Amino acid sequence: MSGHPSTYEPKYAATRWLDQRLPIIRMGADFMTYPSPRNLNYWWTFGGILTLCLVSQIITGIILAMHYVPHVDMAFDSVQRIRRDVPFGWLLQPMHAVGASMFFLAVYIHMFRGLYYGSYKAPREMIWILGCVIYLIMMATAFLGYTLPWGQMSFWGATVITGFFGAVPVVGESLQQWLLGGFSVSNATLNRFFSLHYLLPFVIAGIVGLHVWAMHHAGQNNPIGVEPKSKKDTLSFHPYYTVKDGFAVVLFLLVFAFFVFYQPDALGHADNYIEANPMETPAHIVPEWYFLPFYAILRAVPDKLMGILLMIGAIAVLFVLPWLDTSKVKSMRFRPLARRFFYIFLVACFILGWCGAETPSDMVFTVGQKLGVSDLGGYLASIGAEFPSGENVKFIEDQTRAFTADALAACQSELAAGHALPEYCSQTPQGLNFVWLSRIATFLYFGFFFILPILGLVEKPKERPESITKAVLGEA
Amino acid sequence: MSETANSEHHDDHVDEGKRDFILIATGTVAAAGAATFAWPLVAQMGKAADTMAAGSIEINLSGIAEGQQLKMLWRGKPVFVRHRTPAEIAEAENTDISKCPDPETDAERLVPTPDGKVNPKYLVMVGVCTHFGCVPVGESGDFGGWYCPCHGSHYDTAGRIRKGPAPKNLEIPPYEYLSDTVIKVG
Amino acid sequence: MKTVMKKTLLIAATSLAAITGVGLGVAYAAGGSSDYEMKHVHWHFNGPFGTYDRAAMQRGYQVYREVCSSCHQLKFLSFRHLGDKGGPYYDEAYPNPNDNPYVKAFAADWTIQDIDLDTGDAIERPGIPADRFPAIYDNAAAAAASNNGKAPPDLSVMAKARTGGADWLYNILISYDKDDVFYNKAYGGQMAMAAPLSDGMVEYADGTEATVDQMAKDVTEFLAWSADPKMEVRKQTGTATMIYLLILAILAYISYKRVWRNVEH
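Since the structure is predicted, the reported quantities are computational estimates derived from the model, not experimental observations.

### Details of the overall build of chain C
Within chain C, the regular secondary structure consists of seven helices and four strands. Reading the secondary structure of chain C in the N-to-C direction produces α-α-α-β-β-α-α-β-β-α-α. Counting only residues that meet the buried cut, chain C has 45% of its 265 residues in that class. Residue pairs at least 24 apart in sequence account for 60% of intrachain contacts in chain C once pairs closer than 6 positions are excluded. Just so you have it, chain C exposes about 13,300 Å², and 57% of that area is on carbon and sulfur atoms.

Here you go:
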């Protein structure tokens with residue numbers, strides 16, 4: 001690993017012998033003494049947490065594969081058998097299912113951290129791109145894995161997602177049937193999904209190796225984005241960051257354990273406890289929470305192919321991010337304008353997640369009838385109340401809001417009683433449905449990536465500390 | 001690590017011992033937790049509850065003619081029930097077991113019927129060679145009992161190993177007589 | 001030190017809030033659309049230390065056996081499960097549920113289709129603890145044909161298969177209309193199943209009055225166990241794990257402070 005002269009000296013004859021032939025202990029020792037910036041904060045612990053997630057998923061996954069049967073007639077049964085009869089199956093199965101969610105939770109925090117602190121910028125583009133590849137394979141693995149329990153959501157999720165491929169012009173249908181191994185999601189599909197679901201985590205592990213290698217080559221970024229200049233700027237990875245990562249891992253495990261032991265189903269969907277039935281679609285098909293933002297982008301567009309392209313674009317844009325950001329400053333701590341857009345982007349992602357979970361045509365809110373102050377007066381008089389006095393705008397607003405709710409009820413009862421409706425009832429309610437909310441959020445999502453190249457040119461960054469040491473000692 | 005930033009500090013060696021203690025304690029607690037968690041990972045490969053529950057069969061002996069053998073599957077292995085001929089019984093009972101590699105009398109290899117006596121007519125065994133688990137062939141071998149074709153083990157008419165590489169007699173499964181003609185294996 | 005602790009807590013809290021929020025979002029997204037307001041029951045099994053109410057489960061099994069089982073199967077359950085630790089008929093004297101006399105008796109109460117090993121003929125025999133609860137109908141088509149065209153669903157995991165879980169089950173059972181036996185307020189329309197319960201339908205051995213509400217609660221308790229039979233051991237393990245992790249977190253934090261005590265960062 002460049003820039004980091006090895007300090008390992010084998011103590012024994014045997015280790016000297018090994019060191020000349022396979023310097024594997026040296027590699028481990030160099031890893032442990034790797035000079036890390038001394039100012040890494042807790043957001044940097046998610047790399048270690050993610051390693052734990054991957055290892056945990058692989059171990060519990062290998063175990064589940066010992067008991068699971070990838071056959072349409074037995075898959076659902078075999079999962080039930082694991083939970084009921086296999087020794088400790090009640091622990092290992094929820095660990096794997098909840099573990100997938102935990103993995104995504106950690107990976108999203110890890111990605112937002114990279115985004116905020118500019119960890120994708122030169123010379124770390126490869127770290128970022130490899131990370132995006134890992135994320136992409138993670139999504140594939142999670143999707144394949146979700147099919148395996150063979151519940152209703154498994155089946156219909158697989159049907160919908162493989163349907164994306166059917167949208168490809170000309171070859172779409174044959175491509176989709178090739179993927180499925182049939183006309184629809186069937187036993188052949190389940191078998192290949194199981195095989196690939198077992199394979200991909202090891203591919204992820206391999207790319208994680210490259211990701212970490214690239215990171216050790218280019219060096220870690222840090223919260224101020226100023227590269228370490230002297231040895232004083234860094235600390236040995238062990239014990240400083242092993243102990244810090246260790247502490248963070250335990251906190252993460254607390255959240256993990258909470259879900260495994262007390263809420264094993266909270267992150268899943270009730271419909272997946274119904275065995276797959278090709279004759280009946282559940283009323284609301286919803287993907288797992290970690291796919292919801294992309295699902296919302298997909299549904300924001302009325303055209304099938306365009307929706308899919310937009311969704312793919314939402315992921316693809318991450319790959320070119322290093323070249324979209326024109327600013328020389330890495331950390332958003334020193335980019336007040338970009339930081340503002342980052343937060344908007346973050347909120348847009350959450351809104352998209354929310355939209356993905358809701359029925360598109362449902363209303364986010366209805367601004368009751370657009371009632372003015374004069375209507376309020378009329379209504380208050382009709383129920384014998386007094387118009388609020390004074391210039392207090394907020395007070396009047398609050399009254400109007402309460403009035404809207406009351407007025408709606410009043411209109412309804414007037415209608416039910418067959419009376420003539422007061423004037424304020426005839427106005428149309430205005431509102432926002434989830435399709436439009438997801439359109440706004442999608443616009444904001446992509447807007448972030450469009451504004452980034454411009455921001456780097458127009459923004460005036462704050463003054464940055466000269467070095468990490470000066471920053472932490474407050475001399476900057 | 002000595003070359004990194006903390007080398008500028010040389011103070012308080014006083015609580016060094018305390019620091020070691022807390023680090024060791026943390027490491028120990030973490031290791032103990034990991035070791036405890038390893039148990040489910042190992043134990044999950046043990047017999048599942050449904051496997052343990054489905055472990056007994058009933059066999060009606062009256063349908064087996066003299067000189068014939070019934071083969072039934074029990075816990076995934078064949079069980080031999082042989083209705084022995086008087087000659088086979090005599091040979092089984094009159095063998096000098098001191099020369100056998102795994103000495104057992106014929107009566108020791110049988111289970112009493114409800115009246116408390118053994119019925120030497122019916123021999124019940126797990127039909128798996130004690131060498132490497134092949135299924136021996138009946139009425140063959142040098143001792144008129146069973147012969148395992150895989151590696152040449154010879155069993156006599158009581159299912160005792162007499163010649164060949166197998167170390168033990170053919171195993172007797174746990175079974176009981178529900179009546180004079182019905183046994184329950186497992 | 002304070003700021004670090006604060007930051008840590010903030011991260012933990014944010015993560016938790018985010019993920020719980022999303023989880024709830026998903027759950028509510030699939031919620032019922034009718035105006036019916038679900039009655040929430042304080043189930044004995046709610047909460048981190050909740051356990052199943054044995055007596056209620058036993059009454060619930062009776063309701064299942066005498067009422068539900070004429071149409072609904074419990075295909076993921078074997079009779080021996082009734083005597084498992086955490087199950088309705090668990091008895092410390094019989095750690096192996098296959099030996100439990102209650103379990104044996106309940107198993108023998110059911111008829112199992114089997115094959116005579118001597119003749120190969122199809123026979124019927126009384127159940128043994130290792131048997132699964134048998135199918136009620138020969139196949140799905142027969143089940144649908146006998147029940148207004150809709151096959152009665154399996155009940156093994158029903159308490160998890162609907163949003164609302166046990167509360168949903170209970171609400172369905174108590175929300176049938178008095179006049180129209182197929183109309184269900186909680187379901188928000190006509191159901192294929194007519195009101196299954198009526199007062200005094202079963203006679204409880206423990207003298208509990210068999211009102212519709214009581215029977216609905218009892219059978220829900222039983223089906224909640226059936227859907228999640230390892231809940232008790234899971235929650236108990238959870239308590240031990242959480243305590244362990246809290247101790248380890250404190251130790252890890254002190255270790256962290258020790259290692260970093262001379263390092264400005």
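### Here's the deal with the interface of chain C and chain A
Tallying the contact residues gives 52 residues for chain C and 53 residues for chain A. Of the roughly 4,800 Å² buried where chain C meets chain A, counting both sides, 74% is carbon and sulfur surface. Scanning the region where chain C abuts chain A turns up four salt bridges. Its salt-bridge partner being C:Arg132, residue A:Asp77 comes within 3.9 Å of it at the nearest N-O pair. On inspection of chain C and its partner chain A, the count reaches nine residue pairs in polar contact (both at pLDDT 80 or more). Broken down by element, the side of chain C that touches chain A gets its largest block of residues, 17 residues, from helix α7 (residues 231–259) of chain C. When grouped by side-chain class, the residues that make up the side of chain C that touches chain A number 28 nonpolar, 15 polar and nine charged.

### What about unusual backbone geometry?
Residue and element names in this part refer to chain A. Of note, the amide linkage connecting Ala-122 to Pro-123 takes the cis form, showing an omega dihedral of 5 degrees. The residue Pro-123 is located in the loop between α5 (89–116) and α6 (125–147) in this model. Geometrically, the link from His-238 to Pro-239 is a cis peptide bond, its omega value of 5 degrees lying close to zero. Here Pro-239 shows up in helix α10 (residues 237–262). A positive phi is found at Phe-88, a non-glycine position, where the angle reads about 65 degrees. Take Phe-88: it is sitting in the loop between α4 (75–84) and α5.

### So, the packing of aromatic side chains
Residue and element names in this part refer to chain A. Evaluated as defined, the whole model comprises 59 aromatic pairs over all chains. For the pair Phe-104 and Phe-291, a centre-to-centre distance of 5.9 Å together with 70 degrees between the ring planes defines the contact as edge-to-face. Of this pair, Phe-104 sits in helix α5 while Phe-291 sits in the loop between α10 and α11 (292–300), placing them 187 residues apart in sequence. No difference in accessibility class separates Phe-104 from Phe-291, as the two residues are buried. Where Phe-112 meets Phe-345, the ring centres are 6.2 Å apart and the plane angle is 65 degrees; that geometry is what we call edge-to-face. Taken as a pair, Phe-112 in helix α5 and Phe-345 in helix α14 (residues 336–357) lie far apart in primary sequence, 233 residues in all. The class for Phe-345 is buried, based on a relative accessible area of 3%. Seen from the ring of Tyr-42, Lys-244 lies directly overhead, with NZ or CZ sitting 4.9 Å from the centre.

### Observations regarding the environment of A:Ala167
All names here are of chain A. Inspection of the secondary structure puts Ala-167 in the loop between α7 (152–166) and α8 (172–180). Accessibility expressed as a relative area gives 12% for Ala-167, which makes it buried. Ala-167 sits 139 residues away from Met-306 along the chain, and the two C-alpha atoms are 9.3 Å apart. Aside from chain neighbours lying at most four places away, what touches Ala-167 is Lys-304, Leu-305 and Ile-308.

### Topic: the domain arrangement of chain A
Residues and elements named next belong to chain A. Segmenting chain A into domains produces domain 1 (33–287), domain 2 (294–366 + 433–476) and domain 3 (369–428). A separation of 22 Å is found between the C-alpha centroids of domain 1 and domain 2. Contact residues are listed per partner, giving 43 residues for domain 1 and 39 residues for domain 2. Each partner contributes to the roughly 3,400 Å² buried at the junction of domain 1 and domain 2, and carbon and sulfur atoms together form 72% of this total. Considering only the surface of domain 1 that becomes buried against domain 2, Tyr-116, Lys-121 and Ile-224 emerge as the three largest contributors, covering 21% of it. Joining domain 1 to domain 2, the criterion identifies two salt bridges. Linking domain 1 to domain 2 there are 14 residue pairs in polar contact (both at pLDDT 80 or more). Going through the elements one at a time, α5, α6 and α7 are the ones with two or more residues in the side of domain 1 that touches domain 2. When residues of the side of domain 1 that touches domain 2 are assigned to their parent elements, the largest contribution, eight residues, is made by α6. Class assignment for the residues of the side of domain 1 that touches domain 2 results in 26 nonpolar, nine polar and eight charged.

### Some words on the sheet that holds strand β10 (residues 182–185) of chain B
Residues and elements named next belong to chain B. Judged by pairing direction, the sheet is antiparallel, and its three strands sit side by side in the order β1-β10-β9 without closing on themselves. Here the strands that pair on one side only, and so sit at the sheet edges, are β1 (57–60) and β9 (175–177). Between one strand and the next, the sheet's axes are offset by a mean angle of 25 degrees, whatever the strand orientation. When β9 meets β10, the two strands line up antiparallel, connected through three bridges. If you follow Tyr-177 over to β10, its bridge partner there is Ile-183.

### Description of the pattern of salt bridges
Residues and elements named next belong to chain A. Evaluated as defined, the whole model comprises 28 salt bridges over all chains. A salt bridge links Glu-466 to Lys-470; its shortest N-O distance comes to 3.4 Å. For Glu-466, a relative accessible area of 54% corresponds to the exposed category. Using a relative accessible area of 29% as the deciding quantity, one classes Lys-470 as partly exposed.

Each value, and the rule that gives it
- Each chain carries its own residue numbering, running from 1 in the written order of its sequence.
- Lettering for chains starts from A, numbering for ligands starts from 1, and both go in the order in which the items are written.
- Selection of residues for local features in this predicted model requires a pLDDT of at least 70, selection of side-chain atom pairs for listing and counting requires 80 or more, and totals for whole chains, interfaces and linings are taken over all residues.
- Computation of side-chain values covers all heavy atoms of the structure but excludes hydrogens and water.
- In this description a helix means any DSSP run of H or I spanning at least four residues, a strand means any run of E spanning at least two, and both kinds are numbered starting from the N terminus.
- When a residue's accessible area, from a 1.4 Å probe over protein chains only, is under 20% of the maximum for its type it is buried; when over 50% it is exposed; and in between it is partly exposed.
- Pairs of residues are marked as contacts when any of their non-hydrogen atoms sit within 4.5 Å.
- The Shrake-Rupley method, run with a 1.4 Å probe sphere, supplies the accessible areas, and residue values consider only the shown protein chains as cover.
- Once two parts are joined, some of their accessible surface, as seen by a 1.4 Å probe, is lost; buried area is that loss totalled over both.
- Counted as salt bridges are all cases of a side-chain nitrogen of Lys or Arg within 4 Å of a carboxyl oxygen of Asp or Glu.
- Polar contacts, as used here, are pairs of N or O atoms within 3.5 Å; protein pairs need one atom able to donate a hydrogen and one able to accept it. Residues neighboring in sequence count only if both atoms are side-chain atoms.
- Residue type decides the class: Asp, Glu, Lys and Arg count as charged, Ala, Val, Leu, Ile, Met, Phe, Trp, Tyr, Cys and Pro as nonpolar, and the leftover types, Gly among them, as polar.
- Two rings from Phe, Tyr or Trp (for Trp, the six-membered ring) form a pair when their centres are within 6.5 Å of each other. A pair whose planes differ by under 30 degrees is stacked, one over 60 is edge-to-face, and the rest are tilted.
- Here, over-ring charges are defined by two tests on the NZ atom of lysine or the CZ atom of arginine: distance to the ring centre within 6 Å, and angle to the ring normal within 35 degrees.
- Reported domain spans reflect what an automatic or database domain assignment gives.
- At least two DSSP bridges between two strands are required for those strands to pair.
- Axes, fitted as lines to C-alpha atoms, cover a helix only where it is in contact. Angles between the N-to-C directions of the axes lie from 0 to 180 degrees.

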